[in-house]
Amino acid sequence: MPEFSTAQVHAGEARDAAHGARVTPIYLTAGFEFDSFAQAEGRFGGEEKGYTYSRSGNPTTAALERRVAALEHGREAIAVGSGQAAITVAVLGLVQAGDHILSAQSIYSGTRGLFENGLRRLGIDIEFVDDPTDLDEWRRRVRPNTRTLFGESIANPGNEILDIEGVATVAHENGIPFVVDNTLATPYLLRPGAYGADIVVHSASKYLGGHGSTLGGVVVDQGSYDWAASPFEHLTGPDAWLEGSSYVQEHGAAAYTAFTRSVIASLFGPVLSPLNAFLIQQGVETLSLRVQRQSDTALAVARWLEAQPEVVRVDYAGLESHPAHELALRYLPRGQGAVLGFTLAGGIADAERFYDAVELFSRMTHIGDVRSLILHPASTTHAHLHRDLREETGIGDGLLRLSIGLEDADDLIDDLARGIAAVKAADTIVPDRIVRDTGLPEPIATDAAVAAGR
Ligand SMILES: Cc1ncc(COP(=O)(O)O)c(C=O)c1O
């Protein structure tokens, strides 16, 4: 098996027989022409290999799928239109009404909204493990109808590191698969499959694409979970479309991807444009270079922030002071990623001063870009959450989130020094207001917040 940087430029490539194009062309076509009646019938019936319609498969998208699957050492991948689509498709390939999902508490707010608002409305029950580092809590909270465990390898934005091997053991003791969102780590820093994750999902909009231009998502089946011995009757039981046969009988180890591709991704339809697949694949080709550099710069930035008296906490697992540092050393020896949070002593007033003072950091919601970005989660991405839940999950009023890009570390630190200077100039560490409290009894994500991709 080639090393990572070789694989990121070569894995899964199919040479273009027609013209010898070295880069996978953008097959921007809705459908694919059939030579004959018999060929059309054979393609739809599955007896003949080939494409029919870009919602069910496209050569440019397939090239990206093969490459990401190879980088994760997975069996097969499905690429879709966004990270949210990837999580939706991955999970709906497993669960149905009446089933239960057990997730780490510290996950991306959009995923939380998807689970609490979107999936609950479909009759799927969701629960969050309060302390994802406590394997006994995971174990205790698995129910007879739990059908998947879910977590993020590096949690956005708190930098909690998931004990993937430990949670995978709990999942497998209970005969269920473990789904890991590996967006912040990327397969360059960590392959969750190496520690027992069965399905790995990505927002390809972040580091895989890497340039902040394109949304996409990928679901990778690691090939580790035995679908034939699973409790998933939609895979093991007779299926009308398969004339009474089952996905396991027809597709063996590929049962989950066959079902999820043809029934969930293709019929719900969150398709990835072939143009976006091309752009994401271009990004993947430089993934290791970007992520190594971004991680190294993030550590330098985190160390600098930690030394500022105006900063009371830095959430970066690469720092010795972070509670997940031991787990980070174990799971992320190459680097701990490039998303970090820091909390200003002066609460929202100082956060606002800091945020408005920076010139190089872009004020926006996104991560994994070549440009460095800054966000105030409590008033934006997490504003829809009940204040107590925000505080519990480490989203205080003084917290700012950074996504470190490819600029020089010194320039970034100079820019952050502008923020600190603005805080100092105000000469106060007393919060003069708090982020509004929704007063809602339950943590709940609004449709608008979720739709806005927060
Ligand atoms: C960890 C994580 N997963 C999933 C998503 C959703 O990705 P997308 O915006 O591509 O839908 C995000 C977005 O920020 C994320 O940070």
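Rules of the game
- Residues numbered from 1 in each chain as written.
- Predicted model: local features only at pLDDT ≥ 70, side-chain atom pairs only at ≥ 80, totals over all residues.
- Heavy atoms only, no water.
- Helix = DSSP H or I, 4+ residues; strand = E, 2+ residues; numbered from the N terminus.
- Rg over C-alpha atoms; globule rule 2.2 N^0.38 Å.
- Buried < 20%, exposed > 50% of the residue type's maximum accessible area, 1.4 Å probe, protein only.
- Contact = heavy atoms within 4.5 Å.
- Areas by Shrake-Rupley, 256 points an atom, 1.4 Å probe, with all protein chains shown as cover.
- Lys, Arg positive; Asp, Glu negative; His and termini not counted.
- Charge placed at Lys NZ, Arg CZ, Asp CG, Glu CD.
- Near = heavy atom within 4 Å.
- Polar contact = N/O pair within 3.5 Å; in protein donor to acceptor, adjacent residues only side chain to side chain.
- Nonpolar A, V, L, I, M, F, W, Y, C, P; charged D, E, K, R; others polar.
- Pairing = 2+ DSSP bridges.
- Axes fitted to C-alpha atoms, helices over the stretch in contact; angles between N-to-C directions.
- Phe/Tyr/Trp six-rings, centres within 6.5 Å; stacked < 30°, edge-to-face > 60°.
- Lys NZ or Arg CZ within 6 Å of the ring centre and 35° of its normal.
- Salt bridge = Lys/Arg side-chain N within 4 Å of Asp/Glu carboxyl O.
- pLDDT = per-residue confidence, 0-100.

Peer 1: Explain the overall build of the protein residue by residue, including any values.
Peer 2: Within the protein one finds 18 helices and 12 strands. Taking 454 residues into account, the globule formula puts the C-alpha radius of gyration at 22 Å, and the protein, at 22 Å, falls close to it. Along the three orthogonal principal directions, the C-alpha set of the protein runs to about 80 × 55 × 40 Å. Going through the 454 residues of the protein one by one, you find that 56% of them count as buried. Taking as baseline every contact in the protein between residues at least 6 positions apart, the subset at least 24 positions apart corresponds to 72%. Per element, the accessible surface of the protein, about 18,500 Å² overall, is 53% carbon and sulfur. Taken together, the 36 basic and 60 acidic charged side chains of the protein have centroids lying 2 Å from each other.

Peer 1: Talk me through the site of the ligand; I want residue IDs and the actual numbers.
Peer 2: In the neighbourhood of the ligand, 15 residues make up the surrounding shell, with G83, Q84, D181, S203 and S205 lying closest. Backbone polar atom of G83 to an oxygen atom of the ligand: 2.8 Å apart, as the coordinates give it. Between the ligand and the protein, one listed contact pairs an oxygen atom with a backbone N or O atom of Q84 at 2.9 Å. Protein coverage of the free-state accessible area of the ligand, which is 390 Å², stands at 93%. Examining the composition of the shell around the ligand, we find that three residues originate from one element, helix α4 (residues 83–92), more than from any other. Residue composition of the shell around the ligand, by class: four nonpolar, eight polar and three charged.

Peer 1: Before we move on, could you go through the sheet that holds strand β8 (residues 311–315) and cite the residues and values that matter?
Peer 2: Strand order in the open sheet formed by five strands is β8-β9-β12-β11-β10, and the pairing between neighbours is mixed. Edge positions in the open sheet fall to β8 and β10 (362–363), since each of these has one partner strand only. Looking at chain direction, strand β11 (residues 373–375) and strand β12 (residues 399–403) are connected through three bridges and run antiparallel. Paired with L375 across the strands is R401, a residue of β12. Together, β9 (339–344), β10, β11 and β12 form the strand contacts of helix α15 (residues 347–357), whose direction differs from that of β9 by roughly 125°.

Peer 1: Give a detailed account of the pairing of β9, specifying residues and quantitative values.
Peer 2: When you tally the buried positions in β9, you get six out of six residues, the bulk of the element. Pairing of β8 with β9, which is carried by four bridges, proceeds in the antiparallel orientation. In the sheet register, D315 faces β9, and the bridge partner there is G341. Pairing geometry for β9 and β12, over five bridges, is antiparallel. Opposite F342, over in β12, you have L400 as the bridge partner.

Peer 1: Provide a residue-level description of the packing of aromatic side chains, including the pertinent values.
Peer 2: Applying the stated rule across the entire model yields 11 aromatic pairs. The interplanar angle of 35° and the centroid separation of 5.4 Å between the aromatic rings of F32 and Y51 together place this pair among those described as tilted. In this pair, F32 is assigned in the loop between α1 (4–10) and α2 (37–45) and Y51 in the loop between α2 and α3 (59–71), connecting sequence segments 19 residues apart. Both rings, one in Y225 and one in F232, keep their centres 6.3 Å apart while their planes meet at 65°; by these two values the pair is edge-to-face. We note that Y225, like F232, is buried. An aromatic cluster of three or more residues is present, and its members are Y225, W227, F232 and Y256. For the cation-ring pair, R112 lies above F128, with the distance from its terminal atom to the ring centre recorded as 4.0 Å.

Peer 1: Describe the pattern of salt bridges, listing the residues and the values that go with them.
Peer 2: If you walk through the whole model with that rule in mind, you get 26 salt bridges. Across the pair R143 and D125 runs a salt bridge, and its minimum N-O distance is 2.9 Å. Here D125 lies in strand β3 (residues 125–129) and R143 lies in the loop between α6 (135–141) and β4 (146–152), a separation of 18 residues in the sequence. Since its relative accessible area comes to 31%, R143 is described here as partly exposed. For R313, the salt bridge identified is with D315, shortest N-O distance 2.8 Å. Taken together, the shared-partner salt bridges in this structure form one network comprising D125, E127, D130, E137, R141 and R143.

Peer 1: Tell me about α4, residues and numbers included.
Peer 2: Of all 10 residues in α4, eight are buried; the element is thus mostly enclosed. Looking only at α4, the buried set comprises G83, A85, A86, I87, V89, A90, V91 and L92. Its side-chain oxygen at 3.4 Å from the backbone nitrogen of Q84, S82 defines the N-terminal cap of α4.

Peer 1: So what's going on with the confidence of the model for the protein? Which residues, and what values?
Peer 2: Per-chain confidence: the protein averages 93 in pLDDT, with 94% of residues scoring 70 or above. A low-confidence stretch, residues 439–454 (pLDDT under 50), is modelled with 27 contacts involving residues beyond four sequence positions or located in other chains.

Peer 1: Give a detailed account of the sheet that holds strand β6 (residues 199–203), specifying residues and quantitative values.
Peer 2: Pairing is mixed across the open sheet formed by seven strands, whose spatial order is β1-β7-β6-β5-β4-β2-β3. Only two strands of the sheet have a single partner each, and these edge strands are β1 (76–80) and β3. Each strand of the sheet is rotated relative to its neighbour by a mean of 20°, with strand direction disregarded. Relative to β4, strand β2 (residues 100–104) runs parallel, the two being bridged by four bridges. From the neighbouring strand, L102 faces β4, where its bridge partner is L149. The sheet strands contacting α3 are β1, β6 and β7 (217–221), and the helix crosses β1 at an angle near 130°. Each of β4 and β5 (178–181) is contacted by helix α7 (residues 164–173), which is oriented at about 150° to β5, the strand it contacts most.

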